[in-house]
Amino acid sequence: MITKFITSVSTTFSPFNARSGKTARSFLALLPPNARQNMKIDVKMLPRAAPSTSSNSAKPEPAAVLLLGFKDGKQMSLDLEKLKIKDVQEEVDRHSRLLGRQEELTGN
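Cut-offs applied
Every chain begins its residue count from 1, and numbering advances along the sequence as written. Reporting in this predicted model follows two pLDDT cut-offs: at least 70 for local features of residues, and 80 or more for side-chain atom pairs to be given and counted; totals over whole chains, interfaces and linings ignore these cut-offs and use all residues. Note that water and hydrogens are dropped before the side-chain values are worked out from all heavy atoms of the structure. Whether two strands pair comes down to DSSP finding at least two bridges between them. The way it works is that DSSP assigns letters per residue, a run of H or I at least four long becomes a helix, a run of E at least two long becomes a strand, and they are numbered from the N terminus. Every axis in this analysis is a line fitted to C-alpha atoms, fitted for helices over the stretch in contact. Angles between the N-to-C directions lie between 0 and 180 degrees. Whether two residues are in contact is decided by their heavy atoms, any of which lying within 4.5 Å being enough. Aromatic rings from Phe, Tyr and Trp, taking only the six-membered ring of Trp, are treated as a pair when their centres fall within 6.5 Å; an angle between ring planes under 30 degrees marks them as stacked, one over 60 as edge-to-face, and anything in between as tilted. Two conditions define a charge located above a ring, namely a distance within 6 Å from the ring centre to NZ of Lys or CZ of Arg, and an angle within 35 degrees of the ring normal. The salt bridge criterion pairs a side-chain nitrogen of Lys or Arg with a carboxyl oxygen of Asp or Glu, the two atoms within 4 Å. Each residue is assigned to one of three classes by its accessible area relative to the maximum for its type, calculated with a 1.4 Å probe on protein chains only: buried under 20%, partly exposed between the two thresholds, exposed over 50%. UniProt positions are given in the numbering used here, feature names are shortened, and annotations may be inferred rather than shown by experiment. Residues enter a nonpolar core if they are buried and are Ala, Val, Leu, Ile, Met, Phe, Trp, Tyr or Cys, with the set joined through side-chain atoms within 4.5 Å.

1. Regarding the sheet that holds strand S2 (residues 40-45)
Consideration 1: If you walk across this open sheet you meet the four strands as S2-S1-S3-S4, and the pairing is mixed. Single-partner strands in this sheet number two, and they are S2 and strand S4 (75-79). For this sheet the average axis-to-axis angle between neighbouring strands, irrespective of direction, equals 10°.
Consideration 2: With six bridges connecting them, strand S1 (residues 6-13) and strand S3 (residues 65-70) associate as antiparallel partners. The partner of Ile6 across the bridge, within S3, is Phe70.
Consideration 3: Together, S1, S2 and S3 form the strand contacts of helix H1 (residues 18-30), whose direction differs from that of S1 by roughly 155°.
Consideration 4: Helix-sheet contacts for helix H3 (residues 85-106) involve S1, S3 and S4, and the interaxial angle to S3 is about 10°.

2. Comments concerning the packing of aromatic side chains
Consideration 1: Under the defined criterion, the tally for this structure stands at zero aromatic pairs.
Consideration 2: Above the ring of Phe16, the side-chain terminus of Arg48 is found at 4.0 Å from the ring centroid.

3. A closer look at the pattern of salt bridges
Consideration 1: A complete count under the given rule lists three salt bridges for this structure.
Consideration 2: As a salt-bridge pair, Glu103 and Lys4 come within 3.1 Å of each other at their nearest N and O atoms. Here Glu103, found in helix H3, pairs with Lys4, found in the segment before S1; they are 99 residues apart in sequence, far enough to count as distant.
Consideration 3: Residue class for Glu103 comes out partly exposed when judged on its relative accessible area of 27%.
Consideration 4: Asp79 is the salt-bridge partner of Lys82, the closest N and O atoms lying 4.0 Å from each other.

4. A look at the UniProt feature "coiled-coil region" (unreviewed entry) in the chain
Consideration 1: Here, UniProt's "coiled-coil region" (unreviewed entry) annotation points to residues 78-105.
Consideration 2: Annotated as 75% helix and 7% strand, the span residues 78-105 places its first and last C-alpha atoms 28 Å apart.

5. Regarding the nonpolar core
Consideration 1: Ranked by size, the top nonpolar core spans 20 residues in total, and within it Val9, Phe27, Leu66, Leu68 and Phe70 carry the most contacts.
Consideration 2: For this core, the secondary structure elements donating two or more residues are S1, H1, S3, S4 and H3.
Consideration 3: Look past the residues within four positions of Leu66 in its chain and what remains in contact with it is Val9, Ser10, Thr11, Phe27, Met76, Ser77, Leu78, Leu80 and Val88.

Printed below as a string of C-alpha cells:
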C-alpha cells in the first residue's frame, strides 16, 4: 500500500465487530512505523453496545468508517462495514498512484 501521500487517518470502529473491526485493525497495521511522524492518526473505538448506525440523524452514518486525507487536499471516506481490506487498499493505491504520476510530471 502506498502511504507516501496520506496526510491524515481517522477511523471509528467497533473492535467487537468481526468484519469492520478486522478491516480497520488491518489497515492501521499496514501503516509504516514512522506514520505518526508524517501523518495525523486518530482512532476511536466504539463500545460493545454501539449500534451499527446512528439513528438520531436524518442520514444515518456508518459506525465503522475510515477517513483519509491526502496531500492534494482530497478527503476519502470509506465504509468499513461494506469494504474488505483489499478493497480499501485498492482505493488508497488508486489515488496514491495518481498523485505519484502528477509528482513525476511536475518534477517534484
